[in-house]
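Below, each chain spelled out in residue letters.
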Amino acid sequence: MNNIISLLEDEFFLMFIPTFDLLNNASHYKLKYSYPNMFQNADAYKIEVSTSNADVQFYKEQLNNNKIVILENRIGSFVFSNVFTFDIFQILQKHYKEYTNYVFCADKDFGYFKILENGKIKRKINSFGFIKGISIYPETRGVPCQYEIDNNVTFKIDSKAKLLVEMLKGFGREEVIDLIDYYIGISIISNGDINKTHIYEIR
């Protein structure tokens, strides 16, 4: 099975950037970001490992050890993080602001989605998540995206809800997978061999 698809089977944090050799494929890359962020002045160091026979378990081990895994196929770069390294996506959205980028995250009833244009949020939807002790609070920004328009649905916060988990219901893993299929294409991902793998440690 395609390793990108396999990494979407459980909890995942993914950013898709339609270009290649992120971080210049450098052995050392300085991250720059103007706003408060735990990685705003951090260094990314490429980990030299053999990936010729890498499988999904290998990539999961890297992610569990707080590494960033970048898998390239013919349409772009799929950047995987975990809940602890998730903030790097904010930096990447500025570094690659000339592209339309997407962020997709999910775990059971938790869903998170962003469309980014010119490094800024065009549409954001996320429900409440509590993953490995970290809370992710419900939020929506921007106007309904094309997916919402085509499916006659608008995800919005219920300001009268008494519990965080009730502020945005019906937006979880299933909806995020649908968004991936809508904006990128599950079959396109499935049929694209991984051409390059880059693994970075951020410190």
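Structure first, text after, so check above.
Now for a description of the structure that goes with this document. (Residues numbered from 1 in each chain as written. Predicted model: local features only at pLDDT ≥ 70, side-chain atom pairs only at ≥ 80, totals over all residues. Heavy atoms only, no water.)

Some points on the environment of lysine 122
- Relative to the helices and strands, lysine 122 resides in strand 8 (residues 120-126).
- A C-alpha to C-alpha distance of 9.2 Å links lysine 122 and proline 144, two positions 22 residues apart in sequence. (Helix = DSSP H or I, 4+ residues; strand = E, 2+ residues; numbered from the N terminus.)

Comments concerning helix 3 (residues 88-95)
- Within the sequence span of helix 3, burial applies to Ile88, Phe89, Ile91, Leu92 and Gln93.
- Those residues of helix 3 that are buried lie in contact with strand 1 (12-17), strand 4 (67-73), strand 5 (76-81), strand 6 (101-107), strand 7 (110-117) and strand 12 (196-202). (Buried < 20%, exposed > 50% of the residue type's maximum accessible area, 1.4 Å probe, protein only. Contact = heavy atoms within 4.5 Å.)

Observations regarding the pairing of strand 1
- Among the 6 residues of strand 1, 6 are classified as buried, and the element is accordingly described as predominantly covered.
- Of the two faces of strand 1, the one carrying Phe12, Leu14 and Phe16 and the one carrying Phe13, Met15 and Ile17 are both buried.
- As defined by bridge partners, strand 1 adjoins strand 6 across 5 bridges and the pair is classed as antiparallel. Residue pairing across strands places methionine 15 opposite valine 103, the latter belonging to strand 6.
- Here strand 1 runs beside strand 5; their pairing, made up of 5 bridges, is antiparallel. By the bridge assignment, phenylalanine 13 is partnered in strand 5 with serine 81. (Pairing = 2+ DSSP bridges.)

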